[in-house]
Amino acid sequence: MKKLFYYELRRVLCHWMFPSMLVVNGLYAWYILTGDIIRGVADTAPFSVWSYCAYLGKTMPVAVITILLVLSGYYSKKQKQVEILTLAAPVTGAQHLLIRSGVLAVCFLMDAAVIVGVAAFFYKSFFAYDSYAGYVLPCLLLMLPCFFVAVGAGHLFAGLHQGLCYVLMGILFASGISAPDGVWDLFGAGYFETYPLTLTPGRSGEPGFFLSRQPAWIAARAIYLVLGLLLLLWKVRRMNRKLTKA
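Residues numbered from 1 in each chain as written. Predicted model: local features only at pLDDT ≥ 70, side-chain atom pairs only at ≥ 80, totals over all residues. Heavy atoms only, no water.

Caption draft 1: Spatial organisation of the packing of aromatic side chains. Using the criterion set out here, one finds 30 aromatic pairs in the structure. Where Phe47 meets Phe127, the ring centres are 5.6 Å apart and the plane angle is 65°; that geometry is what we call edge-to-face. Here the residue Phe47 occupies a position in the loop between helix 2 (17-35) and helix 3 (49-73), and Phe127 occupies one in helix 5 (residues 93-127), the gap between them amounting to 80 residues. Take Phe47: its relative accessible area is 28%, and that puts it in the partly exposed class. (Phe/Tyr/Trp six-rings, centres within 6.5 Å; stacked < 30°, edge-to-face > 60°. Helix = DSSP H or I, 4+ residues; strand = E, 2+ residues; numbered from the N terminus. Buried < 20%, exposed > 50% of the residue type's maximum accessible area, 1.4 Å probe, protein only.)

This is how it looks when you write it as structure tokens:
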């Protein structure tokens, strides 16, 4: 399985599309930072957790589309011809799907590394700021549900028809651009741009960031995460049933 994983990962990394999308992610991240985040969001500092999470929320749609572009390639006609060779390996179709999902996870981590790296360079260059410990948990709560929902729904849609994966991209991108406020905002930009305005500013002049005071948002993130995992597991079980019937 390791050999198959490395084979699948190498195929993605060596294809022109993924490295190109990493560049697009980096340029878009810089555009968001210098255009929106540099002023801060909801009357908070540009380097506050509120502003940083809003930044991630604005960049996540492009990162998710990058992953879905890779995923859609798994369901192309050309890929089905290649599968004649890859399926000769001693793994089931369900295991193969999980291996590919692992490849997508690595690609998402690379996307995240670009986005986080650009932000680190921005904060260091413009504000001489490099204290990021308080960002870690909110960022994980924001990014992981986005990934699992995209991968779970992506396998579901593309499994029915490859074109439906592009429909899903359009839906997610439109959702990200509109940035609806409220805890159910999948990408979180709308939530982090509006929720701080409802809080009382602290001594620093802006509201403090405390996850303990955001139970509804955490519950929504957990539901999105579980939903994505359930969609992925449902796809795995469906593939196992097909093999059993065959």
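Caption draft 2: Broad picture of the environment of Gly176. Summarising the element assignment, Gly176 is placed in helix 7 (residues 162-178). By relative accessible area, which is 11% here, Gly176 ends up buried. For the pair formed by Gly176 and Met60, sequence separation is 116 residues and the distance between their alpha carbons is 7.8 Å. Other than its neighbours up to four places away in sequence, Gly176 contacts Pro61 and Phe187. (Contact = heavy atoms within 4.5 Å.)

Caption draft 3: Layout of the confidence of the model for the protein. Across the protein, the average pLDDT comes to 90, with 93% of residues at or above 70. Of all secondary-structure elements in the protein, the lowest mean pLDDT belongs to helix 4 (residues 77-86), at 61, while helix 2 reaches the highest, 97. (pLDDT = per-residue confidence, 0-100.)

Caption draft 4: Structural context of the side chain of His155. Within the secondary structure layout, His155 lies in helix 6 (residues 136-160). Its relative accessible area of 1% is what places His155 among the buried residues. Only 2.7 Å separates the side chain of His155 from the side chain of Tyr75, close enough to count as a polar contact. Among the polar contacts listed, one links the side chain of His155 to the side chain of Ser101, at a separation of 3.1 Å. In this structure, His155 is in contact with Leu71, Tyr75, Leu97, Ser101, Leu104, Leu232 and Lys235, ignoring residues within four places of it in sequence. (Polar contact = N/O pair within 3.5 Å; in protein donor to acceptor, adjacent residues only side chain to side chain.)

Caption draft 5: Summary view of the packing of helix 6 against helix 7. Between helix 6 and helix 7, whose axes approach to 5 Å, the crossing angle comes to 145°. Viewed along their axes, helix 6 and helix 7 form a crossing whose handedness is right-handed. Counting all contacts with helix 6, which are made through Ala150, Ala153, Gly154, Phe157, Ala158 and Leu160, the residues of helix 7 involved are Gln162, Leu164, Cys165, Leu168 and Leu172. The class makeup of the residues in the contact of helix 6 with helix 7 is 9 nonpolar, 2 polar and no charged. (Axes fitted to C-alpha atoms, helices over the stretch in contact; angles between N-to-C directions. Left-handed = near helix turned anticlockwise from the far one by under 90°. Nonpolar A, V, L, I, M, F, W, Y, C, P; charged D, E, K, R; others polar.)

Caption draft 6: The arrangement of a nonpolar patch on the surface in detail. A contiguous nonpolar patch, built from Val136, Leu137, Leu140 and Leu144 and spanning about 340 Å² of accessible area, is present on the exposed surface. As for its placement among the helices and strands, Leu137 is situated in helix 6. Judged by its relative accessible area of 48%, Leu137 is partly exposed. (Patch = residues over 30% accessible without salt bridge, like charges linked within 9 Å, V, L, I, M, F, W, Y side chains within 5 Å. Areas by Shrake-Rupley, 256 points an atom, 1.4 Å probe, with all protein chains shown as cover. Salt bridge = Lys/Arg side-chain N within 4 Å of Asp/Glu carboxyl O.)

Caption draft 7: Highlighting the nonpolar core. Counting residues in each nonpolar core, the largest one holds 65 residues, and the members touching the most others are Tyr55, Met60 and Phe192. In terms of residues, this core owes the most to one element, helix 3, which gives 15 residues. Leave out the neighbours within four places in its chain, and Tyr55 touches Ala29, Ile32, Leu33, Ile37, Ile115, Val118 and Ala119. (Core = buried A, V, L, I, M, F, W, Y, C linked by side-chain atoms within 4.5 Å.)

Caption draft 8: The state of the cysteines, seen in detail. Following the criterion strictly, the structure yields 0 disulfides and no others. Just so you know, Cys139 is unpaired, no disulfide at all, and the nearest cysteine sulfur is the one on Cys53, 4.9 Å from it. Its relative accessible area of 8% is what places Cys139 among the buried residues. (Disulfide = S-S within 2.5 Å.)

Caption draft 9: Seen up close, the pattern of salt bridges. Evaluated as defined, the whole model comprises 6 salt bridges. Note that Arg100 is salt-bridged to Glu8, the shortest N-O span being 3.4 Å. Of this pair, Arg100 sits in helix 5 while Glu8 sits in helix 1 (residues 2-14), placing them 92 residues apart in sequence. Both residues of the pair, Arg100 and Glu8, count as buried. With a shortest N-O distance of 3.7 Å, Arg39 and Asp36 are connected by a salt bridge. Relative accessible area serves as the criterion here: at 61%, Arg39 is assigned to the exposed category.

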